[in-house]
Amino acid sequence: MPPPANTRRAPSPPDGGWGWVVVFGAFVSIGFAYAFPKGIAIFFKEIQGFFGTSYSEVTWVSSIMLATTYGVGPISSILVNRYGSRPVVMFGGLLCGIGMVSAAFCTSIMQLYICVGFITGLGLALNLQPSVIMIGKYFLKRRPIANGLAMAGSPVMLCTLAPLNQFLFDSFGWRGSFLILGAILLNCCVAGALFRPIGPGTASVKTQVTEEEKGALKQEVTEDAMEISSPTNLPMKNKTEEEGDRDCCEKINRYLDFSLFKHRGFLIYLIGNVLMFLGFFAPIIFLAPYAKHTGIDEYSAAFLLSILAIVDIVARPTTGIIANSKWVRPRIQYFFSFSIAFNGVCHLLCPLASSYTGLVVYSVFFGLAFGMVCAMLFETLMDLVGAARFTSAVGLVTIAECCTILLGPPIGGMLIDTFGDYKYMFVKCGVVMVLAGTFLFIMNYYNYRVLAKEEKERKAREEDPKTVRTENEGRNNWIKETTQGGPELELLREEQAGPKKEENGIREV
């Protein structure tokens, strides 16, 4: 006798306990995934002089790393669904170490693109996605706070890496620094070891797959019966090809739910974020080089990133607490839209900062706005699609975002090379982010209005017993006809079975 259905379901999130250890592991993994591509910008001016490249060429290192980190999202989601978060994160940490150690022996900028950009970026991608997914499995009620604490790893790491990278460069050069950074990134393997699986997750996934296969088998039987009743039957070869295509699509949909592209809220989030990332990372990558360009010494320029990171450390958990409040949580999408627009306003005002004091003020407000966006980046997505579809949603969003992430910093570098001034890069990023925030605010307002209208119509249908009874009767009749088959289908099956028996008899004789 099979066990009851409720015993095979995945356990509910514990909202604490070992979950806080998982948050610490995610703190380390997410911190390296987000902070490392920005902290490495400390070496850009020296690498540019060493290889004789332009601003746009050297920024491709961070752009490729960031684009790979985001673009490999679907692959990371598939690996998590197949093997779990722990081995994926540990393998990602190993790739990060290999990539940076290999980069220490590069002799051209193209080799840096491969080692630092692609290999290290791939390792960071395998750290980012599983960490976010594990927090969703361990937390529900306290999820915004847990996300805020885990996302605080990025500013902590950036605050540490910025002066550390400058110290390593002064002591060992950029090649020796890359060797040491490769060893430091191996700590991601330790963080991944903390991601203990929660309950019989694998069993629940297998149960879900089995139920899907049963549903697909039932659908195939129904379609075969309808095909038999048809006066013209398709050739067996075409039928086999269609079944093969359908099986392939079903296998893909087990890992990536492409039906999310029919989800209105998901599409709004996707379009707004793709536009936002065109100007999201470039300002933080160019902040230290901009300070050096204005005549500020290396350590003071690196300290601007530390100031930004310190403010970011406070902003992320604070934003998580505010987002978890009963006043903001129901309308968290508006809060997210405001944070993006606030980011853009900071960049538009940055060219007015003509002294080191002005850049410090800009770093403070930029750190606040940056932390607000990062703290809600995944929470708003989970609020839209739910925890069950979150893994697929993260994978699809990151693959779409990687294009603008890849192009954002190089476009900023091209503006610097063309005009010889950084202000045009900051203005471009500010305009893009203000537009993205405005778009999300307007479209989320529209989405909330439509959802309220749909909910009102649903309740009206439920309150009308005649409508409910008619719908239920129609649904039950359709299920009986398609799954069990009516008398007409039985007669058709018997008539079809007769010739088959005769054919078998002839063949046997």
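**Concerning the overall build of the protein chain**
Reasoning step 1: Looking only at helices and strands, the protein chain has 20 helices and 0 strands in total.
Reasoning step 2: Relative to its 509 residues, the protein chain shows a buried fraction of 48%.
Reasoning step 3: Of all intrachain contacts in the protein chain linking residues separated by at least 6 positions in sequence, the fraction that spans at least 24 positions is 85%.
Reasoning step 4: Taken as a whole, the protein chain presents about 24,300 Å² of accessible surface, with 65% of it coming from carbon and sulfur.

**Some words on the confidence of the model for the protein chain**
Reasoning step 1: Confidence in the prediction of the protein chain, expressed as mean pLDDT, is 78, and 77% of residues score 70 or more.
Reasoning step 2: When pLDDT is averaged over each element of the protein chain, helix H15 (residues 332–349) comes out on top at 92 and helix H10 (residues 201–229) at the bottom at 44.
Reasoning step 3: Between residues 201–214, whose pLDDT stays under 50, and residues either more than four places distant or in other chains, the model counts 7 contacts.
Reasoning step 4: Segment residues 220–235 is flagged for pLDDT under 50; beyond a separation of four residues in sequence, or across chains, it makes 16 contacts in the model.

**Let's talk about the packing of aromatic side chains**
Reasoning step 1: For the structure shown, the criterion picks out 23 aromatic pairs.
Reasoning step 2: When the centroid spacing of 5.5 Å and the interplanar angle of 70° are considered together, the rings of Phe50 and Trp174 count as edge-to-face. Residue Phe50 is located in helix H2 (residues 44–51), and its partner Trp174 is located in helix H8 (residues 153–185); the two are separated by 124 residues in the primary sequence.
Reasoning step 3: Consider the rings of Phe280 and Phe370, whose centres lie 4.8 Å apart with planes at 10°: the pair is stacked. Within this pair, whereas Phe280 is found in the loop between helix H12 (264–276) and helix H13 (282–293), its partner Phe370 is found in helix H16 (residues 356–385), the two being separated by 90 residues in sequence. Accessibility assignment for this pair places Phe280 and Phe370 in one class, buried.

**As for the state of the cysteines**
Reasoning step 1: Under the counting rule described, the total for this entry stands at 0 disulfides.
Reasoning step 2: This cysteine, Cys106, is not joined by any disulfide, and Cys115 carries the nearest cysteine sulfur, 3.7 Å off.
Reasoning step 3: Of all cysteine sulfurs, the one in Cys403 lies closest to Cys402, which takes part in no disulfide; the gap is 4.3 Å.
Reasoning step 4: For Cys402, a relative accessible area of 13% puts it in the buried group.

**Re the nonpolar core**
Reasoning step 1: The biggest cluster of nonpolar side chains holds 124 residues, and the ones touching the most others in it are Leu112 and Phe178.
Reasoning step 2: The leading source of residues in this core is H16, at 15 residues.
Reasoning step 3: Setting aside residues no more than four positions away along its own chain, Leu112 makes contact with Ile47, Phe51, Val61, Ala103, Cys106, Gly117, Trp174 and Phe178.
Reasoning step 4: By size, the runner-up hydrophobic cluster in this structure holds 5 residues, among which are Val80, Leu95, Leu126 and Ile133.

**Observations concerning the packing of helix H1 (residues 19–39) against H8**
Reasoning step 1: Two elements in contact, H1 and H8, have axes whose closest approach is 8 Å; the angle formed by their N-to-C orientations is 60°. As the angle between them shows, H1 and H8 are arranged oblique. Between H1 and H8 lies a crossing whose hand is right-handed. Where H1 approaches H8, its residues Phe27, Val28, Gly31, Phe32, Tyr34, Ala35, Phe36, Lys38 and Gly39 are matched on the opposing element by Gly153, Ser154, Val156, Met157, Leu158, Leu161, Asn165, Leu181, Ile184 and Leu185.
Reasoning step 2: In the contact of H1 with H8, the residues fall into 13 nonpolar, 5 polar and 1 charged.

**Side note on the side chain of Asn127**
Reasoning step 1: Tracing the sequence through the fold places Asn127 in helix H6 (residues 109–138).
Reasoning step 2: Judged by relative accessible area, which is 0%, Asn127 ranks as buried.
Reasoning step 3: Non-local contacts of Asn127, meaning those with residues more than four positions away in its chain, are made with Ser29, Val89, Gly92, Gly93, Cys96 and Cys188.

**Overview of the pattern of salt bridges**
Reasoning step 1: What the rule picks out here adds up to 5 salt bridges.
Reasoning step 2: One salt bridge connects Glu46 with Lys292, and the closest N-O pair in it is separated by 3.9 Å. In this pair, Glu46 sits in helix H2 while Lys292 sits in helix H13, placing the two residues 246 residues apart along the sequence.
Reasoning step 3: Salt-bridge contacts for Arg264 lead to Glu454; the nearest nitrogen and oxygen are separated by 3.6 Å. A residue pair is termed long-range when its members are at least 10 positions apart, and Arg264 in helix H12 and Glu454 in helix H18 (residues 423–463) qualify at 190 residues.
Reasoning step 4: Residue class for Glu454 comes out partly exposed when judged on its relative accessible area of 38%.

**Here's the deal with H2**
Reasoning step 1: Listing the buried residues of H2 in full gives Phe44, Glu46, Ile47, Gln48 and Phe51.
Reasoning step 2: Here the buried face of H2 lies against helix H3 (55–71), H6, H8 and H13.

**Quick notes on the environment of Arg142**
Reasoning step 1: Within the secondary structure, Arg142 is located in the loop between H6 and helix H7 (143–151).
Reasoning step 2: In this view, Arg142 contacts Asp15 and Trp20; residues no more than four positions away in its chain are not counted.

**So, the packing of helix H14 (residues 298–323) against H16**
Reasoning step 1: Two elements in contact, H14 and H16, have axes whose closest approach is 6 Å; the angle formed by their N-to-C orientations is 35°. Seen from above, H14 lies across H16 with right-handed handedness.
Reasoning step 2: Split by residue class, the contact of H14 with H16 holds 18 nonpolar, 5 polar and 2 charged.

**Describing the environment of Tyr448**
Reasoning step 1: Within the fold, Tyr448 resides in helix H18.
Reasoning step 2: Taking relative accessible area as the criterion, Tyr448 reaches 15% and is therefore assigned buried.
Reasoning step 3: Between the alpha carbons of Tyr448 and Gln333 there is a distance of 9.6 Å; along the sequence they are 115 residues apart.
Reasoning step 4: Not counting chain neighbours up to four residues away, the residues in contact with Tyr448 comprise Pro330, Arg331, Ile332, Gln333 and Tyr334.

**Concerning helix H17 (residues 390–419)**
Reasoning step 1: Taking 1.5 Å per residue, 30 residues should reach 44 Å; H17 reaches 43 Å between its end C-alpha atoms and fits that length.
Reasoning step 2: A maximum bend of about 35° is found in H17 at Glu401.
Reasoning step 3: A positive backbone phi angle near 70° is found at Gly420, which sits one or two residues after H17.

Cut-offs and rules
- Residues numbered from 1 in each chain as written.
- Predicted model: local features only at pLDDT ≥ 70, side-chain atom pairs only at ≥ 80, totals over all residues.
- Heavy atoms only, no water.
- Helix = DSSP H or I, 4+ residues; strand = E, 2+ residues; numbered from the N terminus.
- Buried < 20%, exposed > 50% of the residue type's maximum accessible area, 1.4 Å probe, protein only.
- Contact = heavy atoms within 4.5 Å.
- Areas by Shrake-Rupley, 256 points an atom, 1.4 Å probe, with all protein chains shown as cover.
- pLDDT = per-residue confidence, 0-100.
- Phe/Tyr/Trp six-rings, centres within 6.5 Å; stacked < 30°, edge-to-face > 60°.
- Disulfide = S-S within 2.5 Å.
- Core = buried A, V, L, I, M, F, W, Y, C linked by side-chain atoms within 4.5 Å.
- Axes fitted to C-alpha atoms, helices over the stretch in contact; angles between N-to-C directions.
- Parallel < 35°, antiparallel > 145°, perpendicular 65-115°, else oblique.
- Left-handed = near helix turned anticlockwise from the far one by under 90°.
- Nonpolar A, V, L, I, M, F, W, Y, C, P; charged D, E, K, R; others polar.
- Salt bridge = Lys/Arg side-chain N within 4 Å of Asp/Glu carboxyl O.
- Expected span 1.5 Å × (residues − 1).
- Bend = angle between axes of the 7 residues up to and from the residue.

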